[in-house]
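In case you want the letters, here they are:
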Amino acid sequence: MHDTDTISGTTTGTRTAPPLPPLPPEAVARARADLYARWAGLAAGAAAAWAIVSRDDGLGIGILYAIPAFGLCAVAGVLLGDALTPPPRGPVRSAGLTPRRARDYVPPRTIRLLVAQALTLLTLLVAAAVMASPDDQGRAGRTLSATCQGMTQTVGPWPGLFYGAPVLATLAIGTVACAWSLRRIARRPSEEQPRRDRALAITAAWGLLVSTPLLGTTTFAAGALLGLDCMGASGSAWILIPVALSAASTMTWSLTTIVAPRAGRR
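Residues numbered from 1 in each chain as written. Predicted model: local features only at pLDDT ≥ 70, side-chain atom pairs only at ≥ 80, totals over all residues. Heavy atoms only, no water.

### Let's talk about the confidence of the model for the chain
Part 1: Per-residue confidence for the chain gives a mean pLDDT of 79; residues scoring 70 or more make up 80%.
Part 2: Within the model, pLDDT remains below 50 along residues 1–13, and this stretch shows eight contacts once partners closer than five positions in the same chain are excluded. (pLDDT = per-residue confidence, 0-100. Contact = heavy atoms within 4.5 Å.)

Listed below in structure tokens is the structure:
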């Protein structure tokens with residue numbers, strides 16, 4: 001028995017699916033404007049980060065401001081793409097009365113991970129600020145001093161207030177900006193999938209603002225603790241390694257999501 005179809009005496013072979021209809025020109029224009037705006041935000045962020053790092057005085061402060069500058073420019077690019085793409089035109093549609101919420105458009109597991117990392121970062125910065133000491137130039141919160149076996153050791157750099165205060169300030173500003181952006185994207189008229197794509201990009205930008213300082217904080221703290229001869233200092237340093245690996249993984253995901261958005265891959 002052959003797997004064939006006979007229509008009006010003519011034998012046909014395997015049927016093929018009809019080609020998908022082309023996207024309307026208006027939809028293509030919206031997608032391009034959104035993608036170009038995102039790339040413009042990334043380019044502006046890279047330029048701002050480079051300018052900030054190039055003016056660093058050698059103390060490592062520049063990188064603390066370069067990362068949030070890049071993240072905030074990425075957020076601005078997503079918002080610019082959202083503003084440049086008007087709502088789709090078509091017949092009047094009906095919708096439910098339930099208001100759209102920002103949390104309905106972000107991945108819940110990713111948000112829980114980022115919140116946990118943000119709380120971990122706050123805890124580490126507070127603990128480091130309490131343990132910090134001034135350096136040889138009198139700059140408060142830049143080194144760690146400890147007395148071990150009758151000798152006082154000073155190691156650095158240490159993520160005290162000298163480094164922690166800029167991190168906390170930029171994290172607070174970035175969190176407010178990302179939360180406002182998610183709220184705006186959720187409430188603005190748009191198609192469902194582009195709205196989810198933009199919300200995911202904003203989530204990734206916030207992930208970059210959280211994971212990068214967390215990676216730097218754990219790396220600096222672990223390096224300083226390993227430089228001490230005190231009993232238990234090295235053990236405390238190794239506890240920070242899993243936190244640093246988790247932050248590095250989140251940072252990689254955030255960068256990938258921002259640079260290669262889903263809408264652009266489609």
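Once you've had a look at it, read on.
### Quick word on helix α6 (residues 233–259)
Owing to its 3.6 residues per turn, the α-helix aligns residues three or four sequence positions apart on the same side.
Part 1: Between its first and last C-alpha, α6 extends 39 Å over 27 residues, near the 39 Å set by a 1.5 Å rise per residue.
Part 2: Buried within α6 we find Ala233, Ala237, Leu240, Ala244, Ala247, Thr250, Met251, Ser254, Thr257 and Ile258. (Helix = DSSP H or I, 4+ residues; strand = E, 2+ residues; numbered from the N terminus. Expected span 1.5 Å × (residues − 1). Buried < 20%, exposed > 50% of the residue type's maximum accessible area, 1.4 Å probe, protein only.)

### What to know about the nonpolar core
Within soluble globular proteins, side chains that are nonpolar tend to cluster in buried spots.
Part 1: Among the nonpolar cores identified, the biggest contains 36 residues, and Val75, Leu121, Cys178, Ile202, Trp206 and Ile258 are the most heavily contacted of them.
Part 2: Sorting elements by how many residues they give to this core places helix α5 (residues 192–226) first, with 10 residues.
Part 3: Apart from the residues within four sequence positions on either side, valine 75 is in contact with Cys178, Ser181, Ile202 and Ala205.
Part 4: Among the nonpolar cores identified, the runner-up in size contains 15 residues, and Ala221, Ala224, Ala237 and Leu240 belong to it. (Core = buried A, V, L, I, M, F, W, Y, C linked by side-chain atoms within 4.5 Å.)

### Some thoughts on the pairing of strand β5 (residues 151–155)
Part 1: Bridge count for strand β4 (residues 143–148) against β5 is five bridges, and the pairing is antiparallel. Residue pairing in the sheet places threonine 147 in a bridge with threonine 152 of β5.
Part 2: Linking β4 to β5, which pair antiparallel, is a turn of two residues; within it glutamine 149 sits at a positive phi near 55 degrees. (Pairing = 2+ DSSP bridges.)

### Considering the environment of glutamine 149
Part 1: Counting through the fold element by element, glutamine 149 comes out in the loop between β4 and β5.
Part 2: When its relative accessible area of 72% is taken as the criterion, glutamine 149 is described as exposed.
Part 3: Taking the C-alpha atoms as reference points, glutamine 149 and cysteine 230, 81 residues apart in sequence, are found 7.6 Å from one another.

### Some thoughts on the packing of aromatic side chains
Part 1: Under the criterion given, the structure shown has two aromatic pairs.
Part 2: Ring centres of phenylalanine 162 and tyrosine 163 lie 5.1 Å apart, and the angle between their planes is 85 degrees; on these two criteria the pair is classed as edge-to-face. For the pair formed by phenylalanine 162 and tyrosine 163, the shared burial category is buried.
Part 3: Relative to phenylalanine 220, the ring of tyrosine 163 lies with its centre 6.2 Å away and its plane at 50 degrees, an arrangement referred to as tilted. Placement of the pair is tyrosine 163 in helix α4 (residues 161–187) and phenylalanine 220 in helix α5, with a sequence separation of 57 residues.
Part 4: You can call tyrosine 163 buried: its relative accessible area is 5%.
Part 5: The exposure class of phenylalanine 220 is partly exposed, given its relative accessible area of 36%. (Phe/Tyr/Trp six-rings, centres within 6.5 Å; stacked < 30°, edge-to-face > 60°.)

### What to know about the pairing of β4
Part 1: Here two bridges tie strand β3 (residues 132–133) to β4, and the two strands are oriented antiparallel to one another. Note on β4: the bridge partner recorded for alanine 132 is leucine 144.

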